[in-house]
Amino acid sequence: MSYRLGLTGSIGMGKSTTAQFFAAQGIPVWDADATVHALYAKGGQATEILAKLCPEVIEDEAVSRPLLRAKIAVDPAFLDLVQAKIHPLVAASRIMFLAQTVAPIVLLDIPLLFETGSDSLCDGIAVVSVPAEIQRKRVLARGQMTEPELELILSRQLPDAEKRARATWVIDTTTLDSAAHAVKQILQDIRQRQTHA
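Structure report, in brief. (Residues numbered from 1 in each chain as written. Predicted model: local features only at pLDDT ≥ 70, side-chain atom pairs only at ≥ 80, totals over all residues. Heavy atoms only, no water.)

Let's talk about the packing of helix 6 (residues 132-141) against helix 7 (residues 147-156)
1) Next: One way to put it is that helix 6 packs onto helix 7 with a least axis distance of 10 Å and a crossing angle of 125 degrees. Here helix 6 lies oblique to helix 7, going by the angle between them. Read as a crossing pair, helix 6 and helix 7 show a hand that is right-handed. Within the contact between the two elements, helix 6 uses Gln-135, Arg-136, Val-139 and Leu-140 and helix 7 uses Glu-147, Leu-150, Glu-151 and Leu-154. (Axes fitted to C-alpha atoms, helices over the stretch in contact; angles between N-to-C directions. Helix = DSSP H or I, 4+ residues; strand = E, 2+ residues; numbered from the N terminus. Parallel < 35°, antiparallel > 145°, perpendicular 65-115°, else oblique. Left-handed = near helix turned anticlockwise from the far one by under 90°. Contact = heavy atoms within 4.5 Å.)

Have a look at this one:
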């Protein structure tokens, strides 16, 4: 059985970069965001579902994230409806990944790990974290989101302090070096546990 390490953290905390550090160490990564992107692409299962549910979020035969965000900003309850349709498809992808992967350690990169109860699938959890002002600066610097959109997302995510309290490891992503060092340390810890198990 693979050791299932969950990786999570609020928006702008450096989760994707940290997942790349794990991948660079040879760890197979299942990425919830990448799975959703594939589902939202032209011909993706979610595109078909959302086209029936809300045709105005479809552009060039794919789900447009900006149009979807705009719809959710006007009607926040629509997000719950979308998640109810999409989460089972995402879960099916994760089940397939775990069934097909035989590595000693696998990484489950899930932004809403705690919020969806997916932490119950993990043997250990790493939470990426930076101070709130750095997080806000990072997200707004991308130029893809307004402050009200960021506030809406943060209001639906478990607070950073609570995530850190529930983590097995906390990864400081203030610098790339601190994140890369933490990744190596975590993998060393897990391998030691496996040796003594």
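Quick word on the environment of Met-1
1) Next: Among the secondary structure elements, Met-1 is positioned in the segment before strand 1 (3-8).
2) Next: Under the relative-accessibility criterion, Met-1 is labelled exposed at 91%. (Buried < 20%, exposed > 50% of the residue type's maximum accessible area, 1.4 Å probe, protein only.)

A closer look at the sheet that holds strand 1
1) Next: Read across the sheet, five strands follow the order 2-5-1-6-7 without closing on themselves; strand pairing throughout is parallel. Both edges of this open sheet fall to strand 2 (29-31) and strand 7 (169-172), since each of them pairs with a single strand only. Between one strand axis and the next, the sheet turns by 20 degrees as a mean value, whatever way the strands run.
2) Next: Across the sheet, helix 1 (residues 15-24) is in contact with strand 1, strand 2, strand 5 (105-109), strand 6 (124-129) and strand 7; its angle to strand 1 comes to roughly 155 degrees.
3) Next: The strands touched by helix 9 (residues 176-196) are strand 1, strand 5, strand 6 and strand 7; relative to strand 7, the strand with the most contacts, the crossing angle is about 160 degrees. (Pairing = 2+ DSSP bridges.)

Side note on the packing of aromatic side chains
1) Next: Under the defined criterion, the tally for this structure stands at zero aromatic pairs.
2) Next: Sitting over the ring of Phe-78, Lys-71 keeps its end group 5.1 Å from the ring centre. (Phe/Tyr/Trp six-rings, centres within 6.5 Å; stacked < 30°, edge-to-face > 60°. Lys NZ or Arg CZ within 6 Å of the ring centre and 35° of its normal.)

Here we look at the pattern of salt bridges
1) Next: Under the defined criterion, the tally for this structure stands at nine salt bridges.
2) Next: With a closest N to O distance of 3.6 Å, Glu-115 and Lys-163 form a salt bridge. Of this pair, Glu-115 sits in the loop between strand 5 and strand 6 while Lys-163 sits in helix 8 (residues 160-166), and the two are 48 residues apart along the sequence.
3) Next: Between Arg-136 and Glu-151 there is a salt bridge, with its nearest N and O atoms 2.7 Å apart. (Salt bridge = Lys/Arg side-chain N within 4 Å of Asp/Glu carboxyl O.)

Quick notes on unusual backbone geometry
1) Next: In this structure, Asp-60 is a non-glycine residue whose phi angle is positive, near 55 degrees.
2) Next: Note on placement: Asp-60 falls in the loop between strand 3 (58-59) and strand 4 (62-63).
3) Next: One non-glycine residue, Glu-61, lies in the positive phi region at around 65 degrees.
4) Next: One can find Glu-61 in the loop between strand 3 and strand 4.
5) Next: Glu-61 gets classed as exposed once you look at its relative accessible area, which sits at 53%.

Details of the pairing of strand 6
Here is the key point about a regular strand: its side chains alternate between the two faces of the sheet.
1) Next: The buried count for strand 6 comes to six of six residues, which makes it a mostly enclosed element.
2) Next: Side-chain alternation along strand 6 places Gly-124, Ala-126 and Val-128 on one buried face and Ile-125, Val-127 and Ser-129 on a second face that is also buried.
3) Next: Where strand 1 meets strand 6, four bridges bridge the pair, whose relative direction is parallel. Paired with Leu-5 across the bridge in strand 6 is Gly-124.

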